[in-house]
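# Per-entry structural report
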Amino acid sequence: MYKVVSLFSGCGGLDLGFKKAGFDIIWANDFDKYAVESYKHNISDHIICEDINNIKPSDIPEHDLLLAGFPCQPFSMMGKELGFSDYRGTLFFKILNILKYHLDTFGSPKIIVLENVKNLQTHDNGKTFKIMKESLEELGYTVNVDTLNSADYGVPQTRNRTYVVGIKDLPGTFQFPKELPLEKTLQDLLENNVDKKYFLSDKILKTVMSTGTKNYYAKPEIDLPIARPLCATMAKMHRASQDNYVTDNGKIRRLTPRECARLQGFPDSFEIVVSDSQAYKQFGNAVTVNVSFQVANSILTFLENT
């Protein structure tokens, strides 16, 4: 069984997909104590709650494959797009340092999987990703990159993310997973008998359904069959041009944390043990489990062919 280390794991979306495919997650980290609480409760206690900058590469066990869904804010269009000038953007170089140490010490990992926002490839006119790609190639990795949408892998959510699969010293050609038909809509994932706290008051409804202010205009839409991308700040309830709202018994409400979990491919057996606000944050930041599982299967196919 291939041993996997996971950095910036969050509540475990990326890890769950690889675990489901048969990989052995032996070590993980995240600095958010609530995300770690969810991970430990649902996946394993092999995760540590610590900032990656405080972890020595030698503290990380030898592994065959490295996962890293590193922070996306420095490259996201929703943020200021500071790239490497943002502290969090420099975390990519922390990944490089870990790779360098483990390659020098153990000759592994042979495969790495990085996940980030779609905008990573075009940030700063492509210069940011060029630096990343060249840095990985200097370590001997062949870099494969693609944009995968959660809606193309069985989940009714439009969520485009950049996936990078680096392969070192292994023959063959890696292929990203083929798209799958979408057989469910957002409405298929909704809960019944939802608590009244998720329904919008008349005052909030007026703000949520507004078209914007001043020079900003966006058409409010609800009851979409394919959800908009979930985000970490869903607890704030943005306008209906950004967040997801549904009609339930003639009234409008927000999505519940369980519905958000389903939109990210988490099974109902994944227990929500944190507050609603923390759950919204975790599922908004998470990697879609369905996509992770398909990427993991593609890697297994590549390894079997190799």
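Scroll up a little and you will see the structure.
The model shown is predicted, which means the values in this text are computed figures rather than measured ones. (Residues numbered from 1 in each chain as written. Predicted model: local features only at pLDDT ≥ 70, side-chain atom pairs only at ≥ 80, totals over all residues. Heavy atoms only, no water.)

### With respect to the overall build of the protein chain
Scanning the protein chain from terminus to terminus reveals eight helices and nine strands. At 20 Å, the protein chain has a C-alpha radius of gyration in line with the 19 Å of a compact globule built from 306 residues. Its C-alpha atoms put the protein chain at 60 × 40 × 40 Å along the principal axes. Out of the 306 residues in the protein chain, the part that is buried amounts to 52%. Of the roughly 14700 Å² that the protein chain leaves accessible, carbon and sulfur atoms contribute 48%. (Helix = DSSP H or I, 4+ residues; strand = E, 2+ residues; numbered from the N terminus. Rg over C-alpha atoms; globule rule 2.2 N^0.38 Å. Buried < 20%, exposed > 50% of the residue type's maximum accessible area, 1.4 Å probe, protein only. Areas by Shrake-Rupley, 256 points an atom, 1.4 Å probe, with all protein chains shown as cover.)

### Considering the environment of Asp59
Note on placement: Asp59 falls in the loop between strand S3 (47-49) and strand S4 (65-68). Spatially, the C-alpha atom of Asp59 lies 9.9 Å from that of Ile98, the residues being 39 residues apart in sequence.

### What about empty space enclosed by the protein?
For the structure on display, the rule yields one cavity of 30 Å³ or more. Its volume calculated, the largest cavity comes out at about 90 Å³. Surrounding the largest cavity, Leu230, Met234, Met237, Asp243, Asn244, Tyr245, Arg254, Leu255, Cys260 and Tyr280 form its lining. A per-class count over the lining of the largest cavity returns seven nonpolar, one polar and two charged. (1 Å grid on protein atoms, 1.4 Å probe; cavity = no way out; pocket = protein on both sides within 12 Å on 5 of 7 lines; lining within 4 Å. Points joined across faces, edges and corners; volume = space filled by probe spheres on them. Nonpolar A, V, L, I, M, F, W, Y, C, P; charged D, E, K, R; others polar.)

### Let's talk about the packing of helix H1 (residues 13-21) against helix H8 (residues 289-305)
Interhelical geometry of H1 versus H8 gives an angle of 45° and a closest axis separation of 7 Å. The angle between H1 and H8 falls in the class oblique. Considering only the axes of H1 and H8, their crossing is right-handed. Only Val289, Ser292, Phe293, Val295, Ala296, Asn297, Ile299 and Leu300 of H8 make contact with H1, whose side of the interface consists of Gly13, Leu14, Leu16, Gly17, Phe18, Lys20 and Ala21. Taken together, the residues of the contact of H1 with H8 break down into ten nonpolar, four polar and one charged. (Axes fitted to C-alpha atoms, helices over the stretch in contact; angles between N-to-C directions. Parallel < 35°, antiparallel > 145°, perpendicular 65-115°, else oblique. Left-handed = near helix turned anticlockwise from the far one by under 90°. Contact = heavy atoms within 4.5 Å.)

### Section: the pairing of strand S5 (residues 111-117)
Across the seven residues that make up S5, a large majority, seven, are buried. With four bridges connecting them, S4 and S5 associate as parallel partners. Residue pairing across strands places Leu65 opposite Ile111, the latter belonging to S5. As judged from the seven bridges shared by S5 and strand S7 (residues 160-168), these two strands associate in the antiparallel manner. Residue pairing for S7: Glu115 is matched across the bridge by Tyr163. (Pairing = 2+ DSSP bridges.)

### Quick look at the side chain of Ser292
Within the element layout of this structure, Ser292 appears in helix H8. Residues within four places of Ser292 in sequence aside, it is in contact with Gly13, Leu14, Gly17, Phe18 and Val287.

### Description of the packing of aromatic side chains
Enumeration according to the criterion identifies nine aromatic pairs in this entry. Where Phe174 meets Phe302, the ring centres are 6.4 Å apart and the plane angle is 75°; that geometry is what we call edge-to-face. Of this pair, Phe174 sits in the loop between S7 and helix H5 (202-208) while Phe302 sits in helix H8, and the two are 128 residues apart along the sequence. The class for Phe174 is buried, based on a relative accessible area of 6%. Each member of the aromatic cluster is reached from another via a ring pair, and the members are Tyr2, Phe18 and Phe23. Over the face of the ring belonging to Phe293 we find Lys20, whose NZ or CZ atom lies 4.5 Å from the ring centre. (Phe/Tyr/Trp six-rings, centres within 6.5 Å; stacked < 30°, edge-to-face > 60°. Lys NZ or Arg CZ within 6 Å of the ring centre and 35° of its normal.)

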